[in-house]
Amino acid sequence: MKSGPAPKTPDDNYAQFIAQLDSAAKNLTLRQESLSKSLDLVGLLYKQNEVGLRLWEERRGKAGKLVPRETKSPAKQKALGELLEVAVRMESMFLNRTQRIAEKQATIQSRCDEIKKSLLDLDRSKLKLESSRMLSRERENLNRAIAALAGTSQAATVSTADFGLRNDLNDARRAIAMAEALLEVKEN
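Residues numbered from 1 in each chain as written. Predicted model: local features only at pLDDT ≥ 70, side-chain atom pairs only at ≥ 80, totals over all residues. Heavy atoms only, no water.

Draft legend 1. Spotlight on the overall build of the protein chain. When you go through the protein chain residue by residue, the secondary structure sums to 3 helices and 0 strands. Ordered by position from N to C terminus, the α and β elements of the protein chain give α-α-α. Taken as a whole, the protein chain presents about 14300 Å² of accessible surface, with 57% of it coming from carbon and sulfur. (Helix = DSSP H or I, 4+ residues; strand = E, 2+ residues; numbered from the N terminus. Areas by Shrake-Rupley, 256 points an atom, 1.4 Å probe, with all protein chains shown as cover.)

Draft legend 2. Spotlight on the nonpolar core. One finds Leu21, Leu35, Leu39, Val42, Ile101, Ile108, Cys112, Ile115, Leu119 and Leu122 forming the largest nonpolar core, which totals 10 residues. Only helix H1 (14-69) and helix H2 (74-150) provide two or more residues apiece to this core. Excluding anything up to four places from it in sequence, Leu21 contacts Leu122, Ser125, Lys126 and Leu129. (Core = buried A, V, L, I, M, F, W, Y, C linked by side-chain atoms within 4.5 Å. Buried < 20%, exposed > 50% of the residue type's maximum accessible area, 1.4 Å probe, protein only. Contact = heavy atoms within 4.5 Å.)

Draft legend 3. Representation of the side chain of Asn49. Structurally, the position occupied by Asn49 is in helix H1. The class for Asn49 is buried, based on a relative accessible area of 4%. When neighbours within four sequence positions are excluded, Asn49 is seen to be in contact with Phe94, Arg97, Thr98 and Ile101.

Draft legend 4. Representation of the packing of aromatic side chains in the model. The tally for this structure, following the rule as stated, stands at 0 aromatic pairs. Cation over ring: Arg59 sits above Trp56, and NZ or CZ is 4.5 Å from the ring centre. Seen from the ring of Phe94, Arg97 lies directly overhead, with NZ or CZ sitting 5.0 Å from the centre. (Phe/Tyr/Trp six-rings, centres within 6.5 Å; stacked < 30°, edge-to-face > 60°. Lys NZ or Arg CZ within 6 Å of the ring centre and 35° of its normal.)

Draft legend 5. Main features of the environment of Phe94. Checked against the element boundaries, Phe94 lands in helix H2. In the structure, Phe94 is positioned 46 residues away from Gln48 in sequence and 10.0 Å away in space, judged by C-alpha atoms. Beyond its immediate chain neighbours, meaning those up to four positions away, Phe94 contacts Asn49, Gly52, Leu53 and Trp56.

Draft legend 6. Here's a closer look at the packing of H1 against H2. Contact pair H1 / H2: the axes reach a minimum separation of 6 Å and the direction vectors enclose 160°. Relative to H2, H1 is oriented roughly antiparallel. The two elements H1 and H2 meet at a crossing, and its hand is left-handed. A breakdown of the residues in the contact of H1 with H2 according to their chemical character gives 34 nonpolar, 17 polar and 13 charged. (Axes fitted to C-alpha atoms, helices over the stretch in contact; angles between N-to-C directions. Parallel < 35°, antiparallel > 145°, perpendicular 65-115°, else oblique. Left-handed = near helix turned anticlockwise from the far one by under 90°. Nonpolar A, V, L, I, M, F, W, Y, C, P; charged D, E, K, R; others polar.)

Everything listed here is a matter of coordinates, which is why it stays silent on function.
This is the structure we're talking about:
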């Protein structure tokens, strides 16, 4: 066999795209970690405000029952009325705050879900690219092996958009390789 220059390894044009996918996934993962911490904090704040809301609801309920019962002392009735008024305002404040926190929590959760979906899409795309890269390398190795068996130079292997022609050429190369192998067996 002729020994010529080593066949040129094809450029790996997948590497740049895979690197971009990895970079995007890394950025999204960092953002996801940050949002997860925020979600935990907002969840804790929501629970605290929800407890506060329930406590003020109870106080309002108790004060609301005591105000009409207190008929003996106008001072006590006035004080209970003020307590009832404070409880109503605080209950309203905690209700509004709890609702705003719940909305913020839903927004952060939505962002986390979007990031999770995007990370899954990036992972799928990376797997597809890596599979395509592997198939391309295998195809190139097969073409080199067929070219070597057929005795043609690697430069003669032309990539073409006509897949039928490519398949026919590959079939022809395989037939040539089989014929040469048969001739070698018959000669020995």
